[in-house]
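Here is what each chain is made of, one letter per residue.
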Amino acid sequence: QKVVIDMTEGFLLGIASIAIALIGFSGVVIALGRRGEGKWTPSEMLQLRTLVEPSIVSLLGAFVPILLGLLFLNEESLWRTSNALLAVFHLVGFSAFIVRGSSSGVTSTHKIMVTIFILILLFLLASIFNYTPYHELAFGLSLLYGICTGVHNFYLLLFYPSEQVR
């Protein structure tokens, strides 16, 4: 028997579609101006990676509950496990951001996004350890965070030269 997912598969596939579009748009960014010639500043490289990586996390994460739905009969276990996997995906990406950001010049808006990330991570942890019944909400917000992070960095790369973004 398959688990009925209240968060519709349409929502999850929609997130995956948006993530794919963001990843594809990164090619447009690369082709623009001097960046197409490989003349990237460290800040621009950080923004590009921070465009692509959270989008990949959201893309992969959107499929987790769909695949786990084939394994679990208990809906709560499905969402708690999905949240745990998504938290791991986000932590790997966040760790890479911290390592690169320390030498690449993190912007003030990146700092705001880090604060939001910490709140999202706390919500995921509350779900994983069953301190909140809002497992699907934690998962959905976490996916949306990845998309918003990608959109934010896409915007920065398109409209702000690296020296103007501080």
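Structure shown above.
The rules behind each value
Residues numbered from 1 in each chain as written. Predicted model: local features only at pLDDT ≥ 70, side-chain atom pairs only at ≥ 80, totals over all residues. Heavy atoms only, no water. Axes fitted to C-alpha atoms, helices over the stretch in contact; angles between N-to-C directions. Helix = DSSP H or I, 4+ residues; strand = E, 2+ residues; numbered from the N terminus. Parallel < 35°, antiparallel > 145°, perpendicular 65-115°, else oblique. Left-handed = near helix turned anticlockwise from the far one by under 90°. Contact = heavy atoms within 4.5 Å. Nonpolar A, V, L, I, M, F, W, Y, C, P; charged D, E, K, R; others polar. Core = buried A, V, L, I, M, F, W, Y, C linked by side-chain atoms within 4.5 Å. Buried < 20%, exposed > 50% of the residue type's maximum accessible area, 1.4 Å probe, protein only. Expected span 1.5 Å × (residues − 1). Phe/Tyr/Trp six-rings, centres within 6.5 Å; stacked < 30°, edge-to-face > 60°. Salt bridge = Lys/Arg side-chain N within 4 Å of Asp/Glu carboxyl O. Patch = residues over 30% accessible without salt bridge, like charges linked within 9 Å, V, L, I, M, F, W, Y side chains within 5 Å. Areas by Shrake-Rupley, 256 points an atom, 1.4 Å probe, with all protein chains shown as cover.

Draft legend 1. Just the packing of helix H4 (residues 108-128) against helix H5 (residues 135-159), in detail. Between H4 and H5, the least distance of the axes is 9 Å, while the angle of their chain directions is 165 degrees. Here H5 runs roughly antiparallel to H4, going by the angle between their axes. Note on packing geometry: the crossing formed by H4 with H5 is left-handed. On H5, the residues that touch Thr109, His110, Met113, Val114, Ile116, Phe117, Ile120, Phe123, Leu124 and Ser127 of H4 are His135, Leu137, Ala138, Phe139, Leu141, Ser142, Tyr145, Cys148, Thr149, His152, Asn153 and Leu156. In terms of residue class, the contact of H4 with H5 is made up of 14 nonpolar, eight polar and no charged.

Draft legend 2. How the structure looks around the nonpolar core. Core analysis: the biggest nonpolar cluster contains 23 residues, and Leu12, Leu51, Ala62, Phe139 and Leu143 have the highest contact counts within it. Among the elements that take part in this core, helix H2 (residues 42-68) stands out by supplying nine residues, more than any other. For alanine 62, the contacting residues outside a window of four places in its chain are Leu12, Ile15, Ala16 and Leu143. Within the second largest apolar cluster, nine residues are counted, among which are Met113, Phe117, Leu124 and Ile128.

Draft legend 3. Main features of H4. Here H4 is 21 residues long and its end C-alpha atoms lie 30 Å apart, about the 30 Å a rise of 1.5 Å per residue gives. Within H4, burial applies to His110, Met113, Val114, Phe117, Ile120, Leu121, Leu124, Ala126, Ser127 and Ile128. Once H4 finishes, asparagine 130 follows within two positions and takes phi at roughly 65 degrees, a positive value.

Draft legend 4. Inspection of the packing of H2 against H5 at higher detail. In contact at an axis separation of 8 Å, H2 and H5 are set at 155 degrees when each is read in the N-to-C sense. Taken as axis vectors, H2 and H5 run roughly antiparallel relative to one another. By crossing handedness, the relation of H2 to H5 is classed as left-handed. Across the interface between the two elements, Glu44, Gln47, Leu48, Thr50, Leu51, Pro54, Ser55, Ser58, Gly61, Ala62 and Pro65 from H2 touch Phe139, Leu143, Gly146, Ile147, Thr149, Gly150, Asn153, Phe154, Leu156 and Leu157 from H5.

Draft legend 5. Structural detail: the packing of aromatic side chains. Summed over all chains, the structure comprises four aromatic pairs. Between tryptophan 79 and phenylalanine 139 the ring centres are 5.3 Å apart and the planes differ by 65 degrees, which places this aromatic pair in the edge-to-face class. With a gap of 60 residues between them, tryptophan 79 in helix H3 (residues 75-104) and phenylalanine 139 in helix H5 connect regions that are remote in the sequence. Since its relative accessible area comes to 2%, tryptophan 79 is described here as buried.

Draft legend 6. Fine view of the pattern of salt bridges. One pass over the structure, following the stated rule, counts one salt bridge. Where arginine 80 meets glutamate 76, a salt bridge forms, and the shortest distance between an N and an O atom there is 3.4 Å. You can see arginine 80 and its partner glutamate 76 sitting in helix H3, four residues apart, about one turn around the helix. When its relative accessible area of 26% is taken as the criterion, arginine 80 is described as partly exposed. With a relative accessible area of 34%, glutamate 76 lands in the partly exposed category.

Draft legend 7. Seen up close, a nonpolar patch on the surface. Taken together, the side chains of Ile118, Leu119, Leu122, Leu125, Phe129 and Tyr131 present a nonpolar region at the surface, about 680 Å² in accessible area. Tracing the backbone through its elements, the reader meets tyrosine 131 in the loop between H4 and H5.

Draft legend 8. Representation of the side chain of threonine 50 within the structure. For threonine 50, the location among the structural elements is in helix H2. If we ignore the near neighbours within four places in the chain, the residues touching threonine 50 are Phe97, His110, Thr149, Gly150 and Asn153.

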